[in-house]
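Observations on the three-dimensional arrangement
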Number of protein chains: 2
Amino acid sequence: MPSDDKPLRADALRNRVRILEAAEQVFSERGPAASTEEVANRAGVAIGTVFRHFPTKGDLLREIMKSLLARLVSDVETLQRDSPPGAALFAFFTALVAQAARQKTVLDLLAQAGTELSIPDAVGMLERSVDGLLHSAQDAGTVRRDVRLPEVMALLSAVCQGAVTGGWDERLQTRTLAVVFAGLAP
Amino acid sequence: MPSDDKPLRADALRNRVRILEAAEQVFSERGPAASTEEVANRAGVAIGTVFRHFPTKGDLLREIMKSLLARLVSDVETLQRDSPPGAALFAFFTALVAQAARQKTVLDLLAQAGTELSIPDAVGMLERSVDGLLHSAQDAGTVRRDVRLPEVMALLSAVCQGAVTGGWDERLQTRTLAVVFAGLAP
DNA sequence: TGAAAAAGTGAGTCGCCACTCATTATCGTA
DNA sequence: TACGATAATGAGTGGCGACTCACTTTTTCA
């Protein structure tokens, strides 16, 4: 797969960035069903321009997902470094749920990203990161040893999903997570 | 609101039933985005007939939701009677998640039914039923006293949501629920 | 049995949305 | 600056899905 890295023209690069920013906003607010035309409007660009940069709506979504994913992975690394080892997993849960409530895109990443769009090993990356958090927590004794990664990912995605579609307020997020955390603890 | 209970003609009644059965199947398999035409086909009826009985797609969905809800409430009552008092809540969780995996309609009921469609106090009924299960469990000492209904409903909906969109297999359902149950226990 | 009422039918309308392409504008470079 | 290459534009196309309605068929009941 030879990379087609022809340097973009200045206006093309500018618009590409605008489109990505607009798309991130629009899809976050309205979900992935939002129309491409709305993205174009918000970017201040004609609809044809969007399709020149991303031949398919799916391509655009995939690009957004990839950068979101990269940010999440880097968040995990930051937490891994800066939190007390037993607490990082819980902190990530809390942060992700709060973010999902604002940014619906998170859901589609966690839920089906691997299925509908194909983000190759990208989701696997997040899993590996979370696995790191899980092991740290288990070593620190804040999470039971018989808990495994699949159910942690499942809970993560479930709680985010629930929080968004159910419109949980902050208080309910906290109380619900408290139950989950209690279930993970020894 | 005078009830328009004009007795239906024989063929009308027959078709109404067929449509509801078909709709339940179709929406369960394909989700609420499935087309009305598919419902008509599966019912062996012209599309106009569907719209004669249910002027709006939403009306049809609402009808399906209502009967699903009624069945769930009656399931709860059965469990309430037949299970050991501390176990009924857990049994309901398990059963509902398994059902949601087969029947996507459950999700929309739990998630947003109150919002998008308006099923007036219907969802409230389910909540009251689950509240009964919760109190029984707390009285039996299998669930902590500081757990309240909102987070129980939230977990219920979250886990169903997650199980469906994530395509959890039975093993993963079990392991995930195990964590939740541990979190509810004293 | 034979109308009138009720119900069924399905081609057609309408709006939405992903995507295209002929034309116009902008950029980079000689 | 001028010109070829690259990009932007936005009206148009096609398909899909909810919903309508003029017409046909079935039921009901005197």
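Residues numbered from 1 in each chain as written. Chains lettered and ligands numbered in written order. Predicted model: local features only at pLDDT ≥ 70, side-chain atom pairs only at ≥ 80, totals over all residues. Heavy atoms only, no water.

**Some words on the side chain of Thr176(A)**
Basically, it comes down to this: In this description a helix means any DSSP run of H or I spanning at least four residues, a strand means any run of E spanning at least two, and both kinds are numbered starting from the N terminus. Identification of polar contacts relies on pairs of N or O atoms within 3.5 Å, with a donor-acceptor requirement for protein atoms, meaning one able to donate a hydrogen and the other able to accept it, and with residues adjacent in sequence counted only if both atoms are side-chain atoms.
Note that Thr176(A) resides in helix 9 (residues 170–184). Reaching out from Thr176(A), the side chain makes a polar contact with the backbone oxygen of Leu172(A) at a distance of 2.7 Å.

**Quick look at the protein's contact with DNA strand C**
As a reminder of what qualifies: The criterion for a residue being near a molecule or strand is simple. One of its heavy atoms has to lie within 4 Å of it. Polarity classes work like this: nonpolar for Ala, Val, Leu, Ile, Met, Phe, Trp, Tyr, Cys and Pro, charged for Asp, Glu, Lys and Arg, and polar for all others, with Gly in that last group.
Close contacts around DNA strand C come from 23 residues, with Thr36(A), Lys57(A), Arg9(B), Asn15(B) and Thr49(B) the closest. Within 4 Å of the protein, the contacting atoms of DNA strand C are drawn from sugar and phosphate to the extent of 67%. In this structure, Arg9(B) approaches DNA strand C through a side-chain N or O atom, which is 2.3 Å from a base nitrogen. Residue assignment for the surface near DNA strand C shows that the elements contributing at least two residues are helix 1 (10–30) and helix 3 (47–53) of chain A together with helix 1 (10–30) and helix 3 (47–53) of chain B. Top element by residues in the surface near DNA strand C is helix 3 of chain B. It accounts for 5 residues. For the surface near DNA strand C, the per-class residue count stands at 9 nonpolar, 7 polar and 7 charged.

**Details of the relation of the copies chain A and chain B**
Counted only if it meets this: Copy-to-copy superposition: least squares on the C-alpha atoms, limited to residues that have pLDDT of at least 70 in both copies. In what follows, a contact means two residues having at least one pair of non-hydrogen atoms within 4.5 Å.
It takes a turn of 180 degrees to lay chain A on chain B, together with a shift of 0.0 Å along the axis; the resulting RMSD is 0.1 Å. Look at the turn and shift together and you get a two-fold axis relating the two. Minimal C-alpha distance to the rotation axis in chain A is attained by Gly183(A), lying at 1.7 Å. Here 100% of the contact residues of chain A are again contact residues in chain B; the copies associate through an equivalent surface.

**Points about the protein's contact with DNA strand D**
In the vicinity of DNA strand D, 23 residues are found, and the nearest of them are Arg9(A), Asn15(A), Ala46(A), Thr49(A) and Lys57(B). Looking at DNA strand D alone, sugar and phosphate atoms form 65% of those within 4 Å of the protein. For DNA strand D, a base oxygen lies 3.0 Å from a polar atom in the side chain of Arg9(B). At a separation of 2.8 Å, a phosphate oxygen of DNA strand D approaches a polar side-chain atom of Lys57(B). For the surface near DNA strand D, the elements supplying multiple residues, two or more each, are helix 1 and helix 3 of chain A together with helix 1 and helix 3 of chain B. Ranked by the residues each element gives to the surface near DNA strand D, the list is headed by helix 3 of chain A, at 5 residues. Class assignment for the residues of the surface near DNA strand D results in 9 nonpolar, 7 polar and 7 charged.

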